[in-house]
Structures are given as C-alpha cells and as structure tokens.
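Each chain, letter by letter, is given below.
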Amino acid sequence: MMKENVHYENFSILYKIALASTYYFGRLFTRRFKLRLYDLISQIGNKKETKYVTAYNDLFKLLSVKYDADTMDCLVEHPFEDTVFYVPSKYDDYLTAQYGDYMTPPKESERKPGHI
C-alpha cells in the first residue's frame, strides 16, 4: 500500500492486479497511518522466544528469509565511506541470508535491481 510510481509492464497480469488493488486501497489511508500500522504488525510476536526472526519491514520477496534469532542482538559501529553506521555484529550472517554470496557481484549482464 506504500508504493508509488510502479512500472506495471514488468509484471504478470495477476501481479499487476495485486499491485493495482493494494495501491488503490492504500490511497484510502494516510502515509502516517500506514507506517504506524506496519510498525504495529511487525512487532506481533516480538515477546516470544524463537529460534529464528525475520524482517517484516523489508522487501516483500524477503519475507520468507529467516535469520538466527541472535543475528540482531548486538550492534557494532561500521564505517562506510565518510559515515559510521550501526550494523548487526553478525552482519555476514545477515547479508548471506539476504543475498547469498554478497561479496562476489554478478556479471554486469546478469545484474537486476532487487526492488520495484
């Protein structure tokens, strides 16, 4: 419901219908309301001890990616260009679960954006 400027030509007819439906349904609500709702939904079950966690505030295609529960337990500072960011101390586990071999970029002819 949060998407804007979707290029529908890249999708099957069923996916186009789903995208258009959620887009128009989402227009009934303010962006602030949708963000609050997504935040509340993402916290469901946060008080339970589990072996795995996932990121429901991430890309739709990554909703099924599971991480060991302790992956996000500890954050460390990590430099990137001229800024320092907090990242999970197990960032290698996180990036590997998300992207596979993230240290080896695909051939330029095989590169595709991972977002809509």
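So, how was this worked out
- Residues numbered from 1 in each chain as written.
- Predicted model: local features only at pLDDT ≥ 70, side-chain atom pairs only at ≥ 80, totals over all residues.
- Heavy atoms only, no water.
- Helix = DSSP H or I, 4+ residues; strand = E, 2+ residues; numbered from the N terminus.
- Buried < 20%, exposed > 50% of the residue type's maximum accessible area, 1.4 Å probe, protein only.
- Contact = heavy atoms within 4.5 Å.
- Areas by Shrake-Rupley, 256 points an atom, 1.4 Å probe, with all protein chains shown as cover.
- Pairing = 2+ DSSP bridges.
- Salt bridge = Lys/Arg side-chain N within 4 Å of Asp/Glu carboxyl O.
- Patch = residues over 30% accessible without salt bridge, like charges linked within 9 Å, V, L, I, M, F, W, Y side chains within 5 Å.

**Q** Residues and numbers for the overall build of the chain, please.
**A** The number of helices and strands found in the chain is three helices and four strands. In sequence order, the secondary structure elements of the chain are arranged as α-α-β-β-β-β-α. Scored against the burial criterion, the 116 residues of the chain give a buried share of 13%. Once local pairs closer than 6 in sequence are excluded, the contacts in the chain between residues at least 24 apart make up 27%. Split by element, the accessible area of the chain, about 10,100 Å² in all, is 58% carbon and sulfur.

**Q** Describe the pairing of strand β3 (residues 75-80), naming the residues involved and giving the relevant values.
**A** Counting buried positions along β3 yields zero of six residues, so the element is predominantly exposed. In the sheet, β3 pairs with strand β4 (residues 83-88) via six bridges, with the strands oriented antiparallel. Within β4, the residue paired with F80 across the bridge is T83. Between β3 and β4, which pair antiparallel and follow one another directly, the connecting turn spans two residues, one of which, E81, has a positive phi of 55°.

**Q** Help me get a handle on unusual backbone geometry, residues and values and all.
**A** If you check the backbone angles, E81 has positive phi at about 55° while not being a glycine. As for its placement among the helices and strands, E81 is situated in the loop between β3 and β4.

**Q** Tell me about the pattern of salt bridges, residues and numbers included.
**A** Under the defined criterion, the tally for this structure stands at one salt bridge. Two residues, K90 and D70, come together in a salt bridge whose shortest N-O distance is 2.7 Å. Taken together, the residues K90 in the loop between β4 and α3 (91-99) and D70 in the loop between β2 (67-68) and β3 connect sequence positions 20 residues apart. Look at D70 and you get partly exposed, because its relative accessible area is 33%.

**Q** Report on a nonpolar patch on the surface, specifying residues and quantitative values.
**A** A surface patch of nonpolar side chains, amounting to about 360 Å² of accessible area, comprises F33, L37, I41 and I44. With respect to the helices and strands, the residue I44 is situated in the loop between α2 (31-42) and β1 (52-53). Judged by its relative accessible area of 66%, I44 falls in the exposed class.

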